[in-house]
Every structure is written in structure tokens, then in C-alpha cells.
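# Report on the structure
The primary structure of each chain is shown beneath.
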Amino acid sequence: MIRVSDIHKRFGTLEVLKGVSLEVQQGEVVSIVGASGAGKTTLLQVMGTLSRPDSGRVEIDGADVFSLGDKALSRFRNERIGFVFQFHHLLAEFTALENVCIPGLIGRRPRAEVERRAVELLDMMGLAERRDHKPGQLSGGEQQRVAIARALINNPAVLLADEPSGNLDSHNRDEIHRLFFELRDRLGQTVVIVTHDEHLAAMADRKITMQDGTIL
């Protein structure tokens, strides 16, 4: 599902990624761990097409993503990649349902279809009774589950998560961890998670350790 080949990425004089290569299979949950500064988040951003590498190749679901023009790449990112961050980035003025719908509406899908899928996802997240609540009325764990539903609204090929439980208490952290594996089991979702949480990393199908811009 993901093939990363010989990725190099430099910021000024600092080489952050030094020839990283990696493959992730469909339906696999992969964790990426390592000390701060190891290059984990930069690698995730390159995989998610949020940052272009200086050299190397990224293929997602058979597409050579960086061969695409800017408009086509933006469309691919919207349709095929879901993102979950440490901070949920929900829009405060919108309800949970409206927040989940946003990427689908940006993708110009029919509103009725998007809303129907958003309801299904919120139900799957255990938030059926919270659809019409705004983020300020939800707990941290509920907000993160809304963010995960939003990431899934366009049925992405891959779900990329950067410290998805890093801002949660232990109970909500465990709930979010279980949720990623439910998504794999129920939807066949491919998930790549950057985390400092050793418990979550150990739960993954495969744990990848980075150090100084390389994979150990």
C-alpha cells in the first residue's frame, strides 16, 4: 500500500532523512518510534505528501505521488490519505457531524452521501449521541475520535497518525489505541502511527525504530 524508496530530506544544512526506504502492506498497522529528532514526523509528512523530499520516491496505492502536479496531488491527498494529529484541529464553530463532513465536501462529493457516511463513522466511534455537539462540549477523547472519523470520511487508502494519543489521559489513550486496530479489522484500514507510547508501538503489527534520519 505504501512504498517509500531512498528518501532524502534536508532543512538547510541539516539532513533529517538519510535514504529512508520502507514498505507497508494493505491492512497493516505499523508504528514508528525513536528519540525526538530521529526524523519520524518528517517521514510521516513526506509519506502524507505534506512535504516534498529532496530525492527519492513515494508510492501510495500504486500512485507515484510526487510525479503529480500540485492540483492533482491536493486531490489525491484529500481522497486517499487520512490524517490524525496529536491536537485534533476541529473547528470550534461546527458540530461533530459538520467537522467530519468537511473533507468530503471539499472533495465535492454529494452532501447527502457525505452526511450519511459521517453518521456511520460517528456511530462506529461510539459518538451517536454526540453528533450535534460542538468540540467545546466534548471530552478530549471524544474530540480525537471525531478527528479520526473526519480522517476516514473519504475512505482513504492509508491513515497516518502523529502522536494520536499524546494529549490524552490513560483511559482515553487506551480507547484510541484499541480503535486503530478495530479500524484495521473492520475496514481493512492501513495505518502508520508515529508515537512515543511504547505500549501502542508494541501493539502494532510491526514496530520500526528510527535513529538520526535512518531506520535501524
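See the structure printed just above.
## Considering the layout of surface pockets
Volume-wise, the largest pocket comes out at about 570 Å³. Every element with two or more residues in the lining of the largest pocket is listed here: α2 (70-80), β6 (81-84), α3 (96-106) and α5 (140-152). Its residues assigned to classes, the lining of the largest pocket comprises ten nonpolar, six polar and five charged.

## Description of the sheet that holds strand β1 (residues 2-11)
One open sheet accounts for four strands, arranged β2-β1-β4-β5; its pairing is antiparallel. Here the strands that pair on one side only, and so sit at the sheet edges, are β2 (14-24) and β5 (63-64). Here β1 pairs with strand β4 (residues 55-60) via five bridges, running antiparallel. The partner of I2 across the bridge, within β4, is I60. Against the sheet, helix α1 (residues 40-47) makes contact with β1, β2 and β4, and its axis sits at roughly 60° relative to β2, the strand it touches most.

## Comments concerning the pairing of β4
Pairing geometry for β4 and β5, over two bridges, is antiparallel. Pairing of E59 across the sheet is with D64, part of β5. Connecting the antiparallel pair β4 and β5 is a turn made up of two residues, with D61 showing a positive phi of about 50°.

## Things to note about the packing of α3 against helix α4 (residues 111-124)
Contact pair α3 / α4: the axes reach a minimum separation of 9 Å and the direction vectors enclose 130°. Considered as vectors, α3 and α4 are oriented oblique to each other. When you trace α3 past α4, the crossing you get is right-handed. Here α3 contributes A96, L97, V100, C101, G104 and L105 to the contact with α4, which in turn contributes R111, V114, E115, A118, V119 and L122. The class makeup of the residues in the contact of α3 with α4 is nine nonpolar, one polar and two charged.

## Here we look at the environment of F66
Residue placement: F66 occurs in the loop between β5 and α2. C-alpha separation for the pair F66 and L216, spaced 150 residues apart in sequence, amounts to 26 Å. Among residues more than four places away in sequence, those in contact with F66 are V46, T49, S51, R52, P53, V58 and L73.

## Details of the packing of α5 against helix α6 (residues 170-187)
Relative orientation of the contacting elements α5 and α6 amounts to 20°, with a least axis distance of 10 Å. Regarding the angle of α5 to α6, the classification is roughly parallel. Remark: the crossing between α5 and α6 carries right-handed chirality. Two secondary-structure elements touch here, α5 through G141, Q144, R145, I148 and L152 and α6 through N172, I176, L179, F180 and L183.

Criteria and cut-off values
- Residues numbered from 1 in each chain as written.
- Predicted model: local features only at pLDDT ≥ 70, side-chain atom pairs only at ≥ 80, totals over all residues.
- Heavy atoms only, no water.
- 1 Å grid on protein atoms, 1.4 Å probe; cavity = no way out; pocket = protein on both sides within 12 Å on 5 of 7 lines; lining within 4 Å.
- Points joined across faces, edges and corners; volume = space filled by probe spheres on them.
- Helix = DSSP H or I, 4+ residues; strand = E, 2+ residues; numbered from the N terminus.
- Nonpolar A, V, L, I, M, F, W, Y, C, P; charged D, E, K, R; others polar.
- Pairing = 2+ DSSP bridges.
- Contact = heavy atoms within 4.5 Å.
- Axes fitted to C-alpha atoms, helices over the stretch in contact; angles between N-to-C directions.
- Parallel < 35°, antiparallel > 145°, perpendicular 65-115°, else oblique.
- Left-handed = near helix turned anticlockwise from the far one by under 90°.

So, to be careful, I would describe these as geometric facts and stop short of saying anything about function.
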